[in-house]
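Residue-level structural notes
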Amino acid sequence: MGMFNAIDNSASGLTAQRLRMDIISQNIANVNTTRTPEGGPYVRQMPLFSQSASGMVQVQAIVPDPRPFKLTYDPSHPDADQNGYVLMPNVDVTEEMVDMVSATRSYEANVTVIDAAKNMAMRAIDIAR
């Protein structure tokens with residue numbers, strides 16, 4: 001693998017992790033959204049990544065989380081059913097925060113790889129002088 005391939009691969013990882021953080025932020029922002037334009041509560045979203053033949057990170061799709069919605073008793077809520085229960089999004093803020101830390105660490109690791117490749121290129125230029 002060449003030096004520039006390492007930078008390209010890490011750059012694709014940076015893009016993927018940035019998208020992952022955007023989706024996590026969207027999930028957290030909608031933790032209490034009980035009514036969406038599609039009908040029903042917000043459904044947690046998850047990115048699916050894959051690796052291309054050249055080693056680049058690709059986003060395959062952004063898919064809904066299949067886990068069931070949370071049922072909360074709140075008879076005063078406008079979206080409560082006749083028994084007083086409200087379907088809440090299947091978003092767990094704790095899980096989202098753990099995912100955010102993981103995405104941040106992955107982002108930092110890719111930045112470190114890019115910095116290392118840049119430093120190696122600079123050293124190679126110094127040797128050639």
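Overview of the structure. (Residues numbered from 1 in each chain as written. Predicted model: local features only at pLDDT ≥ 70, side-chain atom pairs only at ≥ 80, totals over all residues. Heavy atoms only, no water.)

**Some words on the overall build of the protein**
The condition is simple: The secondary structure listing takes helices from DSSP runs of H or I that are at least 4 residues long and strands from runs of E that are at least 2 residues long, numbered from the N terminus. Atoms counted for the radius of gyration: C-alpha only. Globule rule: 2.2 Å times the number of residues to the power 0.38. Buried, partly exposed and exposed residues are distinguished by accessible area as a fraction of the type maximum, computed with a 1.4 Å probe on protein chains only: under 20%, between the cut-offs, and over 50%, respectively. The contact criterion used is simple: two residues touch if any of their non-hydrogen atoms lie within 4.5 Å. Residue burial considers only the protein chains on display, and all accessible areas are found by Shrake-Rupley using a 1.4 Å probe. Under the convention used here, Asp and Glu are negative, Lys and Arg are positive, and both His and the chain ends fall outside the count. A charged residue contributes its charge at one atom only: NZ of Lys, CZ of Arg, CG of Asp or CD of Glu.
Counting its regular elements, the protein contains 2 helices and 4 strands. Computed over the C-alpha atoms, the radius of gyration of the protein is 21 Å, more than 25% above the 14 Å expected from 2.2 N^0.38 for a compact globule of 129 residues. Referenced to the eigenvectors of the C-alpha coordinate spread, the extents of the protein come out at roughly 80 × 25 × 20 Å. Burial statistics for the protein: of 129 residues in total, 26% are counted as buried. Considering only residue pairs separated by 6 or more positions, the protein has 53% of its internal contacts joining residues 24 or more positions apart. Of the roughly 8400 Å² that the protein leaves accessible, carbon and sulfur atoms contribute 58%. Each charge class in the protein can be summarised by its mean position, and for the 10 positive and 14 negative side chains these summaries are 9 Å apart.

**A closer look at the packing of aromatic side chains**
To keep it simple, the criterion reads: Here a pair means two rings of Phe, Tyr or Trp (six-membered ring of Trp) with centres within 6.5 Å. Their orientation is stacked below 30 degrees between planes, edge-to-face above 60, and tilted elsewhere.
In the structure shown here, the tally under the stated rule is 1 aromatic pair. Their ring planes at 65° and their centres at 5.2 Å tell us that Tyr73 and Tyr85 sit as a pair that is edge-to-face. One end of the pair, Tyr73, is in strand S3 (residues 70–73); the other, Tyr85, is in strand S4 (residues 85–88), and 12 residues separate them in sequence. Using a relative accessible area of 35% as the deciding quantity, one classes Tyr85 as partly exposed.

**Some thoughts on the environment of Arg18**
Take Arg18: it is sitting in helix H1 (residues 3–29). For Arg18, a relative accessible area of 48% corresponds to the partly exposed category. For the pair Arg18 and Val86, spaced 68 residues apart in the sequence, the C-alpha separation amounts to 33 Å.

**A closer look at the environment of Asn83**
Positionally, Asn83 belongs in the loop between S3 and S4. In sequence terms Asn83 and Pro68 are 15 residues apart; their C-alpha atoms lie 19 Å from each other.

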